[in-house]
Every structure is written in C-alpha cells, then in structure tokens.
Amino acid sequence: MQTDRVPNWYRVRSRVVETPDTVTVTLEPTTNVTEHHRVAPGQFMMLYAHGVGEVAISISGHPKGADGKLTHTVRSVGAVSKAIHDTPVGSVLGARGPFGHGWNLDIEQGSDLVIVAGGVGLAPLRPAVEAALAARAHFRRLTLIVGARNPSNILYRRELATWAASDMIAVELTIDQPVSGWTGPVGFVTESLHRADIDPTRTTALLCGPELMMRFCARTLIDRGVPAENIQVSLERNMQCGMGTCGHCQLGELLLCRDGPVVDYATAEPLLLVPEL
Ligand SMILES: Cc1cc2nc3c(=O)[nH]c(=O)nc-3n(C[C@H](O)[C@H](O)[C@H](O)COP(=O)(O)OP(=O)(O)OC[C@H]3O[C@@H](n4cnc5c(N)ncnc54)[C@H](O)[C@@H]3O)c2cc1C
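To keep things clear, this report deals only with the structure shown in the data block.

What counts as what
- Residues numbered from 1 in each chain as written.
- Predicted model: local features only at pLDDT ≥ 70, side-chain atom pairs only at ≥ 80, totals over all residues.
- Heavy atoms only, no water.
- Pairing = 2+ DSSP bridges.
- Helix = DSSP H or I, 4+ residues; strand = E, 2+ residues; numbered from the N terminus.
- Axes fitted to C-alpha atoms, helices over the stretch in contact; angles between N-to-C directions.
- Left-handed = near helix turned anticlockwise from the far one by under 90°.
- Contact = heavy atoms within 4.5 Å.
- Nonpolar A, V, L, I, M, F, W, Y, C, P; charged D, E, K, R; others polar.
- Near = heavy atom within 4 Å.
- Polar contact = N/O pair within 3.5 Å; in protein donor to acceptor, adjacent residues only side chain to side chain.
- Areas by Shrake-Rupley, 256 points an atom, 1.4 Å probe, with all protein chains shown as cover.
- 1 Å grid on protein atoms, 1.4 Å probe; cavity = no way out; pocket = protein on both sides within 12 Å on 5 of 7 lines; lining within 4 Å.
- Sits in = over half its atoms within 2 Å of the grid points.
- Phe/Tyr/Trp six-rings, centres within 6.5 Å; stacked < 30°, edge-to-face > 60°.
- Buried < 20%, exposed > 50% of the residue type's maximum accessible area, 1.4 Å probe, protein only.
- Lys NZ or Arg CZ within 6 Å of the ring centre and 35° of its normal.
- Points joined across faces, edges and corners; volume = space filled by probe spheres on them.

A few points about the pairing of strand β1 (residues 8-19)
Item 1. In terms of strand pairing, β1 meets strand β6 (residues 92-99) through four bridges, oriented antiparallel. Bridge assignment links W9 to a residue of β6, and that residue is G94.
Item 2. Bridge analysis of β1 against strand β2 (residues 22-29) gives eight bridges, and the strand direction is antiparallel. Among the inter-strand pairings, V17 is bridged to a residue of β2, identified as V23.

Focus: the packing of helix α2 (residues 122-134) against helix α3 (residues 157-165)
Item 1. Remark: α2 packs on α3, axes separated minimally by 13 Å, with the N-to-C direction vectors making an angle of 35 degrees. Every pair of crossing elements has a handedness; the one defined by α2 and α3 is left-handed. In contact with L122, R126, V129, E130 and L133 of α2, α3 contributes E159, L160 and W163.
Item 2. When the residues that make up the contact of α2 with α3 are grouped by side-chain class, the tally is five nonpolar, no polar and three charged.

Section: the site of the ligand
Item 1. Lining the immediate surroundings of the ligand are 17 residues, of which A56, T73, R75, S81 and E236 lie closest.
Item 2. Between the ligand and T73, the relevant distance is 2.8 Å, taken from a nitrogen atom to a main-chain nitrogen or oxygen of the residue.
Item 3. At 3.2 Å from an oxygen atom of the ligand is found a main-chain nitrogen or oxygen belonging to V80.
Item 4. Protein burial of the ligand: of its 870 Å² of free accessible surface, 64% is covered by the chains.
Item 5. Comparing atom positions with the cavity grids shows the ligand to sit within the largest pocket.
Item 6. Per-element accounting of the shell around the ligand gives the leading share, four residues, to strand β4 (residues 53-58).
Item 7. Looking at side-chain class alone, the shell around the ligand contains 10 nonpolar, four polar and three charged residues.

Some thoughts on the sheet that holds strand β11 (residues 231-234)
Item 1. What the six strands build is an open sheet, ordered β9-β8-β7-β10-β11-β14; its pairing is mixed. Two strands in the sheet have a free side with no partner beyond their single neighbour: β9 (170-175) and β14 (262-264). Each neighbouring strand pair of the sheet contributes to a mean axis angle of 15 degrees, computed without reference to strand direction.

Looking at the packing of aromatic side chains
What describes a pair of aromatic rings is the distance from one ring centre to the other and the angle between the planes of the rings.
Item 1. Summed over all chains, the structure comprises two aromatic pairs.
Item 2. Where F44 meets F99, the ring centres are 5.8 Å apart and the plane angle is 45 degrees; that geometry is what we call tilted. One end of the pair, F44, is in strand β3 (residues 44-49); the other, F99, is in strand β6, with 55 residues separating them in the sequence. Across the pair, F99 and F44 agree in class, each one buried.
Item 3. A cation over a ring is seen here: R126 above Y156, with NZ or CZ 3.9 Å from the ring centre.

Structural notes on the layout of surface pockets
Item 1. Estimates place the volume of the largest pocket at around 1,200 Å³.
Item 2. When contributions to the lining of the largest pocket are tallied by element, the ones reaching two or more residues are β4, β5 (70-75), α1 (79-86), α2, β8 (139-148), α4 (189-195) and α5 (211-223).
Item 3. Ranked by the residues each element gives to the lining of the largest pocket, the list is headed by α5, at six residues.
Item 4. For the lining of the largest pocket, the class distribution of residues is 25 nonpolar, 16 polar and eight charged.
Item 5. Taken as a whole, the second largest pocket holds about 220 Å³ of empty space.
Item 6. Lining the second largest pocket we find V16, V17, E18, T24, R126, Y156, R157, R158 and E159.
Item 7. When its residues are assigned to classes, the lining of the second largest pocket shows three nonpolar, one polar and five charged.

Laid out in structure tokens, this is it:
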C-alpha cells in the first residue's frame, strides 16, 4: 500500500507516560505494511486515530529500520492528539509518511553542535542527539539545553540523566520558575545559551520548541557570532496532506510539510518576522 497517501495500520506495542499530558508510543506494523521507508531524525508521520482525525507527529526514537517500528512522543492538546495519547497498548493507529526534511547533520568535522529544546520540542530532537552521540568523534563539543515550564514537564528524564552523567555531551536542564526541590538552573534557555561553551564560527545549532523561544535562541546565537545559515529550526504549522499539495502549511514560498519542517534560520527569519504569515 502507498505509504504517503493512505494510512497503514500499526499496533501500539508500548506506551510510556512521560509527563502528565505526554506519552511515548512504539508502533509495530501490522501485516498490511509491506513497505518500510527509513525515517530520518526531524521527519514526521501523519498519525491517524480511527474516526477522530490525523495530525503531524515527529519521529522521536530510533529511525524506522528494517522492522518498520515507529516511536512517537505525543502531547495531548486537542481532540486528535488526545485520542492518540489515550490509545491503549494492543490497539491500532494509522500512519502515513515519512514526510519532510529532517535535521541536517552533515556538519563539518570538529564543529560544536548545540541542541536546544523547549517542552515537547525535545521529541523531534531526541533522534538527532542519539545520532550525534553515535558519531561523537566527529564533533568538538556537544551541548544539549532543555527548557521546561517545571520539572514535571521534562521528557525522557532517565535518558537525560544518563547523557548528563557521561562525558560525551554537556546537558543543562532549566525550568522557567523556581519550585521547591529543584536545584538546577532556573531561567529561559537563552540564558543557558549565553553561557554555552562554543566556538561561534564553527557552531551548528538545532532548535525546536515554541516559535518565540526559537526566535530568541536564534538571535542569541547570531549575536554571539553564529551564522544564521548554521542555525536550524523546526517549524510547526497546520499540516494536512503532508505532501505539499493542500497548501495548509504555507509559510511565504515554503510549504513546510515538503520544504521543512526543518529550515535554516537565514531562510526562516524573514518569514517569521512577517505578522500572521
Ligand atoms: C511537523 C510537525 C511535527 C510535530 N510533532 C509533534 C510531536 O512530535 N509531538 C506532539 O505532541 N506534537 C507534535 N506536533 C504538533 C501536533 O501536530 C499538534 O499538537 C496537533 O496537530 C494538535 O491537533 P489536535 O486535534 O489534537 O488539537 P487541535 O484542536 O487542532 O489544537 C489544540 C490546540 O493546540 C494548538 N495547536 C494545534 N496544532 C499545533 C501545532 N502544530 N503547533 C502548536 N500548536 C498547535 C491549537 O492552536 C490549539 O490551541 C507536530 C506538528 C508538526 C507540524
């Protein structure tokens, strides 16, 4: 069956509760899925909850390989994401894709890589972190900055702790407001970015989170001397077809489902500065 136009059916094999409104599900193809496309970090699938609807959800775990399994992290914010979030283990969901351009990890040897996530924005970045760790010798310094409203909103706590305990990547978790029991940094991710140990002339940055957060982070990096071309942002708009035909996700001349969701900031900034575009 065509994997881009018609959903294929996947069974929910595992469901991990990450935060009060967010779960990570592993989907296993049912027998009607005969074609397994590889999914790159930063690409997304259109997930379908039967009788409710379809939404864009990034790949958040190991890219789909020969076994065709998919991993997604879904935050319940409305009807469709709630239906997917609530789907129990053993039930079936539809999935079309993969779609879009993911993170460009073809980066010059010896560069610094800075990854900045806000909230559920860590989901599309997790496979990029894993890919960077797998190619650790390629980079000079790896830095991951994660911002959340409060500690209970932080995804992948166990993995973050493992990464932070290793000497492979510098990890900073920061929360917006002080809460009792939190001993880590408090403040916005931009403050962490000011402190990050980078060589701006040889830095690539991957940013995912609320649009305003990405704009402030990009500005901070540019002010530190990082070229806008070396900053990648993942842009979210209402996506329906996923294939660049319906036009719902248009941003200027870009159709984000086809030309994004990951876009370099030199391209994105002038478009994001136009109100209501
Ligand atoms: C390329 C791409 C990748 C995405 N990856 C993920 C992911 O990995 N995990 C995840 O949980 N969500 C992800 N999203 C967001 C997800 O698609 C939306 O949360 C979902 O479409 C909401 O649909 P709904 O019917 O549940 O709620 P709706 O009723 O459509 O919306 C509920 C609320 O959420 C807001 N909203 C809807 N869509 C978006 C959006 N795209 N961005 C910001 N706010 C939105 C609405 O304005 C409204 O306030 C992604 C979106 C895109 C475009």
